[in-house]
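# Structural overview for review
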Amino acid sequence: MDSLFVNSLLKDLKNPDETVREQATKKLWRIWYQQKGIYGLEMIERSQKLMDSGQIAKAETVLTELVNEQPDFAEAWNRRAFLYYSTGKYEKSIADCLMAIQINPVHFGALHGIGLSYAAVGEYAKAIAAFRRALQIQPYSLLNQKLILECTFRLS
């Protein structure tokens, strides 16, 4: 990854112009998905098709194989975290999101995922902390702002 280009995109996430932010977001996702070349991208796409067709166990197998083969592929961890979140396995989702963030500390998607999983298990203070970390990277994210408000309401 070209760190200067990534840093430029991260800066663009803070730009007041919505179009600039959207383009930067799309480019960052593309970089993250393509981090491990065609093989990694094909495996993620394969797992998504399996999930879309309801073959959750097979999708999990594909993603587990991918994280085992390429443990430094943040998006593989993030995709498996999403699968776990979607199936109510929140603790496993949090663990995989934490791995994604360890590899890629600016992965706002994984931070958002941690927040969602903590909120799902009633850990609202931890959810708020995760959403706030995501907002440090993507300050204009209305979704994360809304989720912070919802979790704050649930705390009281």
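Now for a quick tour of the structure. Since this is a predicted model, take the numbers as computed values, not measurements.

## Things to note about the side chain of Asn144
You can see Asn144 is positioned in helix α9 (residues 142-155). A polar side-chain atom of Asn144 sits 2.6 Å from a polar atom in the side chain of His112. In this view, Asn144 contacts His112, Phe131, Ala134 and Leu135; residues no more than four positions away in its chain are not counted.

## Looking at the nonpolar core
A general trend in soluble globular proteins is that nonpolar side chains are found buried together. The biggest cluster of nonpolar side chains holds 44 residues, and the ones touching the most others in it are Leu13 and Leu28. If you tally residues by element for this core, the top one is helix α8 (residues 124-137), at eight residues. Setting aside residues no more than four positions away along its own chain, Leu13 makes contact with Arg21, Ala24, Thr25, Leu28, Phe108, Ile137, Gln138, Pro139 and Tyr140.

## Digging into the environment of Tyr118
For Tyr118, the position within the fold is in helix α7 (residues 108-120). Separated by 53 residues in sequence, Tyr118 and Glu65 place their C-alpha atoms 26 Å apart.

## What to know about the packing of aromatic side chains
Here the structure, examined in full by the defined rule, presents five aromatic pairs. Judged by centre distance (5.6 Å) and plane angle (90°), the ring pair of Trp29 and Phe108 falls under edge-to-face. With Trp29 in helix α2 (residues 18-33) and Phe108 in helix α7, the pair connects residues that are 79 residues apart, well separated along the chain. Note on Trp29: relative accessible area 24%, which makes it partly exposed. Among the aromatic side chains, those forming a connected cluster through ring pairs are Trp29, Trp32, Tyr33 and Phe108. Directly above the aromatic system of Tyr140 lies the positively charged group of Arg21, at a separation of 4.0 Å from the ring centroid.

How each quantity is defined
- Residues numbered from 1 in each chain as written.
- Predicted model: local features only at pLDDT ≥ 70, side-chain atom pairs only at ≥ 80, totals over all residues.
- Heavy atoms only, no water.
- Helix = DSSP H or I, 4+ residues; strand = E, 2+ residues; numbered from the N terminus.
- Polar contact = N/O pair within 3.5 Å; in protein donor to acceptor, adjacent residues only side chain to side chain.
- Contact = heavy atoms within 4.5 Å.
- Core = buried A, V, L, I, M, F, W, Y, C linked by side-chain atoms within 4.5 Å.
- Buried < 20%, exposed > 50% of the residue type's maximum accessible area, 1.4 Å probe, protein only.
- Phe/Tyr/Trp six-rings, centres within 6.5 Å; stacked < 30°, edge-to-face > 60°.
- Lys NZ or Arg CZ within 6 Å of the ring centre and 35° of its normal.

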